[in-house]
Amino acid sequence: MYPGKFISFEGIDGAGKSTHIAYVANWLRARGHNVVTTREPGGTALGEKLRELLLHEKMHLETEALLMFAARREHLAQVIEPALARGDYVITDRFTDASFAYQGGGRKLDLRKLVALEQWVHPHLQPDLTLLFDVPLEVARARLAATRSPDKFEQEKEDFFAATRAEYLRRAAEFPGRFRVIDSTLSIQDVEAALDRILESLIE
Ligand code: TYD
């Protein structure tokens, strides 16, 4: 549909995806591609304001889902679709799978409502590749504790993250064509080797 390619990074908080975004962006740039890196919620001026609210304010879970998709609508219109239309690579730190995993899995919002929002906001576009960084909860917890003060999601309990992780893995099994699950307990070098193989098959 677009000449560019769309790559999303996913995983529970503390899975370590952020470390690998720069690696993938550099890998593609070294091969002559234009790369736009961005994130959700956020990626636009309005989206970053919504991110502030989403990460720090208490709200009804449907409000949360609607604001995630409102931010996404703006992100698609202003950043993602124009870049894909130019033929760029777009790498996003989270996309709609995060809404299914966190609002659907974690918060138990009826998945049919999320499907309806997805149909509304991006009926045709899906990532060409979704890299799911998967780790056991204890590993993710330990990584988070070492880094920073937690936001609203990061303060959630273990069963929330167990359900979030389970929904990510369920989606990976449902959409095997675009998902690649990466064992994020591996060393950085081993993850990079896995990424090399995945990217080589993507750009052929
Ligand atoms: P995250 O991507 O982990 O950023 P940082 O590394 O800066 O903490 O934070 C975004 C949070 O938003 C994360 O906890 C998951 C949550 N989130 C949702 O709940 N639903 C969504 O649709 C998206 C995009 C994110």
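Residues numbered from 1 in each chain as written. Predicted model: local features only at pLDDT ≥ 70, side-chain atom pairs only at ≥ 80, totals over all residues. Heavy atoms only, no water.

Asks: When you look at the side chain of Arg171 in this model, what are you seeing that I'm missing?
Replies: Relative to the helices and strands, Arg171 resides in helix H7 (residues 158-174). At 2.8 Å, the side chain of Arg171 forms a polar contact with the side chain of Asp97. (Helix = DSSP H or I, 4+ residues; strand = E, 2+ residues; numbered from the N terminus. Polar contact = N/O pair within 3.5 Å; in protein donor to acceptor, adjacent residues only side chain to side chain.)

Asks: Help me understand helix H2 (residues 45-56), please; the structure alone is not making it clear to me.
Replies: Working note: α-helix, 3.6 residues per turn, so residues spaced by three or four point in the same direction. Counted at 1.5 Å a residue, the expected span for H2 with its twelve residues is 16 Å, and the 17 Å between its end C-alpha atoms agrees. If you check which residues of H2 are buried, you get Gly47, Leu50, Arg51, Leu54 and Leu55. Down the axis, H2 shows its buried residues gathered within 125 degrees of arc, on one side only. Facing away from the buried side of H2 by more than 90 degrees, the exposed set consists of Ala45, Lys49 and Glu52. Elements in contact with the buried residues of H2: strand E2 (35-39) and helix H3 (61-86). (Expected span 1.5 Å × (residues − 1). Buried < 20%, exposed > 50% of the residue type's maximum accessible area, 1.4 Å probe, protein only. Arc of directions from axis to C-beta. Contact = heavy atoms within 4.5 Å.)

Asks: I tried to follow the sheet that holds strand E4 (residues 129-134) on my own but got confused; where do I start?
Replies: Each strand in a sheet pairs with another by means of backbone hydrogen bonds, the pair being arranged parallel or else antiparallel. The five strands lie next to each other as E2-E3-E1-E4-E5, forming an open sheet whose pairing is parallel. Of all strands in the sheet, those with a lone pairing partner are E2 and strand E5 (179-183), marking the two edges. Adjacent strand axes in the sheet meet at a mean angle of 20 degrees when their direction is disregarded. In the sheet, E4 pairs with E5 via five bridges, with the strands oriented parallel. Note that in E5 the partner of Leu132 across the bridge is Val181. (Pairing = 2+ DSSP bridges. Axes fitted to C-alpha atoms, helices over the stretch in contact; angles between N-to-C directions.)

Asks: I would appreciate a short explanation of the environment of Phe175 in the present structure.
Replies: Along the chain, Phe175 falls in the loop between H7 and E5. On a C-alpha basis, the gap between Phe175 and Ile188 in space is 26 Å, while along the polypeptide they are 13 residues apart.

Asks: How should I be thinking about the pairing of strand E1 (residues 5-10) in this particular structure?
Replies: Within a regular strand, the side chains alternate between the two sheet faces. Counting buried positions along E1 yields five of six residues, so the element is predominantly enclosed. The pairing of E1 with strand E3 (residues 89-93) spans five bridges and is parallel. Counterpart to Phe9 in the pairing with E3 is Asp93. As paired elements, E1 and E4 share four bridges and run parallel to each other. Pairing of Ser8 across the sheet is with Thr130, part of E4.

Asks: Got a minute to help me understand the site of the ligand in this structure?
Replies: The environment of the ligand is formed by 18 residues, the closest being Asp13, Arg94, Ser99, Tyr102 and Gln103. Interatomic distance of 3.0 Å between a side-chain N/O atom of Asp13 and an oxygen atom of the ligand. Between the ligand and Lys17 there is a distance of 3.4 Å, counted from an oxygen atom to a side-chain nitrogen or oxygen. Here the ligand, which alone exposes 550 Å², has 92% of that area covered by the protein. Of all the elements, helix H4 (residues 96-106) adds the most residues to the shell around the ligand, at four residues. (Near = heavy atom within 4 Å. Areas by Shrake-Rupley, 256 points an atom, 1.4 Å probe, with all protein chains shown as cover.)

Asks: Help me understand the nonpolar core in this model?
Replies: Most often, soluble globular proteins have nonpolar side chains that are buried together. Counting 39 residues, the largest nonpolar core has Ile7, Ile12, Ile91, Tyr102 and Leu131 as the members making the most contacts within it. Setting aside residues no more than four positions away along its own chain, Tyr102 makes contact with Gly11, Ile12, Asp13, Arg94, Arg107, Phe153, Phe160, Phe161, Thr164 and Tyr168. Core analysis: the second largest hydrophobic core is formed by 17 residues, Val36, Leu76, Leu84 and Val121 among them. (Core = buried A, V, L, I, M, F, W, Y, C linked by side-chain atoms within 4.5 Å.)

Asks: What is the right way to read the packing of aromatic side chains from this model?
Replies: Given two aromatic rings, their pairing is described by the distance between the two centres and the angle made by the two planes. Within the structure shown, the criterion is met by seven aromatic pairs. Relative to Phe95, the ring of Phe6 lies with its centre 5.0 Å away and its plane at 80 degrees, an arrangement referred to as edge-to-face. In this pair, Phe6 is assigned in strand E1 and Phe95 in the loop between E3 and H4, connecting sequence segments 89 residues apart. Ring centres 5.6 Å apart and planes at 15 degrees place the aromatic pair Phe9 and Phe133 in the stacked group. Of this pair, Phe9 sits in strand E1 while Phe133 sits in strand E4, placing them 124 residues apart in sequence. The exposure classification of Phe9 matches that of Phe133, with both residues buried. Through pairs of rings, three or more aromatic residues link up here, namely Tyr102, Phe153, Phe160, Phe161 and Tyr168. Positioned above the aromatic ring of Phe69, the side-chain terminus of Arg72 is 4.6 Å from the ring centre. The ring of Phe100 is capped by Arg171, whose NZ or CZ atom sits 3.7 Å from the centre of that ring. (Phe/Tyr/Trp six-rings, centres within 6.5 Å; stacked < 30°, edge-to-face > 60°. Lys NZ or Arg CZ within 6 Å of the ring centre and 35° of its normal.)

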